[in-house]
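# Structure assessment
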Amino acid sequence: MKILGIESSCDETAAAIVENGDKILSNVVVSQIDIHAAYGGVIPEVAARSHIEAIEPVIAQTLSDAELSIKDIDAVAVTHTPGLVGSLLIGTLAARTIAVINNIPFYPTHHLKSHIYANWLSGHQPQFPLLAAVISGGHTQIIYMERHDHFEIIGTTRDDAIGECFDKIAKILGLPYPGGPSIATAAIKGDSKKYPLPIPKVDNLDFSFSGLKTAVLRAVQKELDLPITTPSYELQKQLTEQQIADFAASFQATAVKILIQKLNKATEFFPAKSILLAGGVSANQVLRQEIEKSFSKTHQVFFPEPRLSTDNGAMVASAAYYSIQAGEQASDPYELDISPRSIIQ
Ligand code: KG4
Ligand code: ZN
């Protein structure tokens, strides 16, 4: 079964064709990072306009890379929630139009589910039951799955998402958007023990990242001996390259520690065979190494290929395939609802 997956929930316009859930026939991603970098973050209106320009050529390129025509496609899947409304509208309109004109079964797909299913594109099948840490720019959740299409959120963030925290701390340090890769690169030359940062005290399996962001800001002000009213743009001018590297490494190590602590706790209560990382932050190499160290003796550990950690159409197609296998019926493309927020179910 060949599924065309379309993704446009944030700042990537992406489409892919995946056969039987795990074989990528083509995968095209057009990123708007360069456009948004000038503003230091995603501007929703600009994102929607860029999707309009890119969506048709991206889909055409996907078909041509796979050497297929639309007649060879068995189903079309698209991200319909959560995400930026203007961005979601463009991808869903394109997918609905394709489904209607060509009479192809249509499957709206939840973005976080798609991130989890990027792990089925790694060449090996994760085993159930499993724990998936969905760590992206908009979400931080631990999800327990007993089987395909069973999603139990057992931990979630009470404030900022972990990726958002990487992005905001990069801003404090004057590093370019997106913050995750910038922090990871700066941290290579840094000392992760230089600036001890507090681990937030949150009950059960939930997370909190807003305090960590403030803790970094205060630590920078203290290091430079400046009052707490000093704005970030003043701090950046005074930080040396080494101090930036040390702050980046210290924050990254703390974020990794928080995730490992919560995943460890989750394994005490949930009998998982596999542990999966999913979402943009799962591209982080230090995190991958530390998760391997902590869990590979007791669990099968899965990460998506780095290019599939961030938003792409292949994960959408894979998620839809396994939903179809689990019995999901096609939706009416005339009746689709998009939604900026929603929980995975
Ligand atoms: O999954 P994604 O592409 O979009 C959302 O669904 O949010 O995730 C984007 C997030 C951004 O916050 C970005 O800074 C973060 O993933 N990210 C990383 C890395 N690469 C991307 N965070 C840490 N380390 C990385 N290497
Ligand atoms: Zn995403």
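Report follows, based on the coordinates. (Residues numbered from 1 in each chain as written. Chains lettered and ligands numbered in written order. Predicted model: local features only at pLDDT ≥ 70, side-chain atom pairs only at ≥ 80, totals over all residues. Heavy atoms only, no water.)

### Some details on the coordination of the zinc ion (ligand 2)
Definition in use: Keep in mind that water is not among the atoms, so a site may look incomplete; donors are the N, O and S atoms within 2.8 Å of the metal, or 3.2 Å for Na, K and Ca. Think of it this way: any DSSP run of H or I at least four residues long counts as a helix, any run of E at least two long counts as a strand, and we number them from the N terminus. When a residue's accessible area, from a 1.4 Å probe over protein chains only, is under 20% of the maximum for its type it is buried; when over 50% it is exposed; and in between it is partly exposed.
At 2.0 to 2.1 Å from the zinc ion (ligand 2) lie its protein donor atoms, namely His 111 (NE2), His 115 (NE2) and Asp 311 (OD). All donors to the zinc ion (ligand 2) come from one chain, and their sequence spacing reads H-x3-H-x195-D. Residue His 111 is found in helix H4 (residues 111–117), and its partner Asp 311 is found in the loop between helix H11 (306–309) and helix H12 (314–325); the two are separated by 200 residues along the sequence. Taking relative accessible area as the criterion, His 111 reaches 7% and is therefore assigned buried.

### Quick word on the layout of surface pockets
The criterion, for reference: Here a cavity is any set of points on a 1 Å grid over the protein atoms alone where a 1.4 Å probe fits but cannot get out, and a pocket is any open set with protein on both sides within 12 Å along at least 5 of 7 lines; a residue lines the site when it has an atom within 4 Å of a point. Grid points are joined across faces, edges and corners, and a volume is the space filled by probe spheres set on the points. Residue type decides the class: Asp, Glu, Lys and Arg count as charged, Ala, Val, Leu, Ile, Met, Phe, Trp, Tyr, Cys and Pro as nonpolar, and the leftover types, Gly among them, as polar. Here the limits of each domain have been adopted from an automatic or database domain assignment.
The calculated volume of the largest pocket comes to roughly 1,400 Å³. Around the largest pocket, the lining is made up of 49 residues, and of these Cys 10, Ser 136, Gly 137, Gly 138 and Asp 167 lie nearest the centre. Broken down by secondary-structure element, the contributors of at least two residues to the lining of the largest pocket are helix H1 (33–37), H4, strand S7 (140–145), helix H5 (162–173) and helix H6 (179–187). Here the lining of the largest pocket gets seven residues from one element, more than from any other, and that element is H5. For the lining of the largest pocket, the residue count by class is 18 nonpolar, 23 polar and eight charged. In this structure, the lining of the largest pocket is formed jointly by two domains, domain 1 (2–119 + 308–335) and domain 2 (126–303), each of which donates at least three residues. Approximately 270 Å³ is the volume attributed to the second largest pocket. What lines the second largest pocket is a set of 14 residues, and nearest its centre among them are Ser 192, Ala 249, Gln 252, Ala 253 and Val 286. At six residues, helix H9 (residues 241–269) tops the list of elements feeding residues into the lining of the second largest pocket.

### Examining the sheet that holds strand S10 (residues 300–302)
Rules: Should DSSP find at least two bridges between two strands, the strands are taken to pair. Here the axes come from fitting lines to C-alpha atoms, over the contacting stretch only for helices, and the angles between their N-to-C directions go from 0 to 180 degrees. Note on contacts: a residue pair is in contact if any heavy atoms of the two residues lie within 4.5 Å.
Taken in spatial order, the five strands of this open sheet run S8-S7-S6-S9-S10, and their pairing is mixed. Lying at the two open borders of the sheet, with one neighbouring strand each, are strand S8 (152–156) and S10. On average, each strand axis in the sheet is tilted by 20° relative to the strand beside it, whichever way the strands run. Strand direction decides the pairing type here: strand S6 (residues 130–135) and strand S9 (residues 274–278), joined by five bridges, are parallel. Counted as the bridge partner of Val 134 is Ala 278 from S9. Running at roughly 155° to S6, H9 makes contact with S6, S7, S8 and S9 of the sheet.

### Concerning the site of ligand 1
As a reminder of what qualifies: Note on terminology: near, applied to a residue and a molecule or strand, indicates that one of the residue's heavy atoms is within 4 Å of it. N or O atoms closer than or at 3.5 Å make up a polar contact, with two conditions inside protein: a donor-capable atom paired with an acceptor-capable one, and, for residues adjacent in sequence, both atoms drawn from side chains. To measure how exposed things are, a 1.4 Å probe is used in the Shrake-Rupley method; for residues, cover is taken only from the protein chains shown.
As a matter of local geometry, ligand 1 sits amid 19 residues, with His 115, Gly 137, Asp 167, Gly 180 and Gly 280 nearest to it. Here Asp 311 contributes a backbone N or O atom positioned 3.3 Å from an oxygen atom of ligand 1. If ligand 1 stood free it would expose 550 Å²; the protein chains cover 88% of that surface. At the level of secondary structure, the elements contributing two or more residues to the shell around ligand 1 comprise H4, H5 and H6.

### A closer look at H5
Note the cut-off: To estimate how far a helix should extend, the number of its residues minus one is multiplied by 1.5 Å.
For H5, with 12 residues, the first-to-last C-alpha span of 17 Å sits near the 16 Å given by 1.5 Å per residue. Contact partners of the buried residues in H5: S6, S7, H6, helix H7 (210–223), helix H8 (232–238) and H9. Two residues or fewer past H5, Gly 174 is found with a positive phi of approximately 75°.

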